[in-house]
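Here are the chains, one letter per residue:
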Amino acid sequence: MKHLKLLTLMAIMLSFTTTLYAHGDKNHDEQAILKIIDGIKYGWENGDGKPFRENFLDFKGARYIESGGQNAGLDSLVTHHVEPEKDALEYLKLDFSDIEVNFEGDFAWAIATTRVKGKVRNSERTFDKSGYQTFLFRKVDNQWKVVHTHSSSRDYRPEKEHKH
């Protein structure tokens with residue numbers, strides 16, 4: 001009887017420890033994904049392709065959608081979109097908020113509210129847009145990699161001006 005109580009107690013402790021580990025692992029994965037998203041923000045704002053090259057999975061068929069435009073493959077995204085904007089824009093300010101990260105095994109997705117402001121160098125035109133961003137991730141060799149992004153935005157209108 002004593003052994004049965006001890007075994008039951010050990011089973012409960014093992015179950016509790018496993019639950020804590022799984023939650024901690026998810027928290028670790030969520031922090032890793034949030035760090036990647038922060039790197040993407042830095043890359044866009046600074047015209048720096050390095051965070052993209054380090055954190056995106058480069059594969060045949062990759063597509064990255066940005067407000068109606070599309071880049072086929074990582075190199076296209078970096079060399080035709082991210083890096084050229086550094087010279088084309090006087091400044092770019094990007095904010096991701098309300099980031100929600102979801103997991104399903106070695107697949108994850110994040111959804112964020114976005115706000116992007118900038119000034120076009122050659123025309124002095126400024127823009128202020130808001131919308132949403134979706135990131136899809138796959139865990140490869142124990143590292144989270146972005147496999148797809150989709151951004152959609154429109155001219156910013158404060159909530160009080162929205163009429164439905």
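Scroll up a little and you will see the structure.
Residues numbered from 1 in each chain as written. Predicted model: local features only at pLDDT ≥ 70, side-chain atom pairs only at ≥ 80, totals over all residues. Heavy atoms only, no water.

1. Side note on the packing of aromatic side chains
Under the defined criterion, the tally for this structure stands at 7 aromatic pairs. Among the aromatic residues, those joined into a cluster by ring pairs are Trp44, Phe52, Phe56 and Tyr64. Taking the ring centre of Tyr156 as reference, the NZ or CZ of Arg115 above it sits at 3.4 Å. (Phe/Tyr/Trp six-rings, centres within 6.5 Å; stacked < 30°, edge-to-face > 60°. Lys NZ or Arg CZ within 6 Å of the ring centre and 35° of its normal.)

2. Some thoughts on the side chain of Gln133
Within the fold, Gln133 resides in strand E5 (residues 126–140). A polar side-chain atom of Gln133 sits 3.4 Å from a polar atom in the side chain of Ser151. Setting aside residues up to four positions removed in sequence, Gln133 forms contacts with Glu66, Phe96, Ala110, Ile111, Ala112, Thr114, Thr149, His150 and Ser151. (Helix = DSSP H or I, 4+ residues; strand = E, 2+ residues; numbered from the N terminus. Polar contact = N/O pair within 3.5 Å; in protein donor to acceptor, adjacent residues only side chain to side chain. Contact = heavy atoms within 4.5 Å.)

3. A short note on the nonpolar core
The biggest cluster of nonpolar side chains holds 28 residues, and the ones touching the most others in it are Ile40, Trp44, Phe52, Phe56 and Phe137. Looking at this core, the elements with two or more residues in it are helix H1 (2–46), helix H3 (74–88), strand E3 (89–104), strand E4 (107–120), E5 and strand E6 (143–155). When neighbours within four sequence positions are excluded, Phe137 is seen to be in contact with Ile33, Ile36, Ile37, Asp106, Phe107, Ala108, Trp109, Ala110, Trp144, Lys145, Val146 and Val147. (Core = buried A, V, L, I, M, F, W, Y, C linked by side-chain atoms within 4.5 Å. Buried < 20%, exposed > 50% of the residue type's maximum accessible area, 1.4 Å probe, protein only.)

4. Considering the pattern of salt bridges
Summed over the entire model, instances satisfying the criterion amount to 9 salt bridges. The salt bridge involving Arg53 is made with Asp75; its shortest N-O contact spans 3.0 Å. Of this pair, Arg53 sits in helix H2 (residues 50–55) while Asp75 sits in helix H3, and the two are 22 residues apart along the sequence. Accessibility expressed as a relative area gives 43% for Asp75, which makes it partly exposed. (Salt bridge = Lys/Arg side-chain N within 4 Å of Asp/Glu carboxyl O.)

5. Looking at the pairing of E5
Note that E4 and E5 share 13 bridges and pair antiparallel. For Thr113, the partnering residue across the bridge sits in E5 and is Tyr132. Remark: 5 residues form the turn of the hairpin made by E4 and E5, two consecutive strands paired antiparallel; Glu124 in that turn has positive phi of roughly 65 degrees. Bridge analysis of E5 against E6 gives 12 bridges, and the strand direction is antiparallel. (Pairing = 2+ DSSP bridges.)

6. As for the side chain of Ser151
Tracing the sequence through the fold places Ser151 in strand E6. When near neighbours in sequence (up to four residues on either side) are disregarded, Ser151 contacts Ile65, Glu66, Ser67, Tyr132 and Gln133.

7. Section: the pairing of strand E1 (residues 63–66)
In the sheet, E1 pairs with strand E2 (residues 69–72) via 4 bridges, with the strands oriented antiparallel. Considered in E2, the bridge of Glu66 is made with Gly69. Hairpin connection, E1 to E2: the antiparallel pair is bridged by 2 residues, and Ser67 has positive phi, about 45 degrees. Judged from the 3 bridges that link them, E1 and E6 form a sheet pairing that is parallel. Opposite Glu66, over in E6, you have Ser151 as the bridge partner.

8. Examining the sheet that holds E5
Ordered in space as E2-E1-E6-E5-E4-E3, the 6 strands form an open sheet in which the pairing is mixed. Edge positions in the sheet fall to E2 and E3, since each of these pairs with one other strand and no more. Taking each pair of neighbouring strands and ignoring which way they run, the sheet shows an average axis angle of 20 degrees. Across the face of the sheet, H3 comes into contact with E1, E2, E3 and E4 while running at roughly 140 degrees to E3. (Axes fitted to C-alpha atoms, helices over the stretch in contact; angles between N-to-C directions.)

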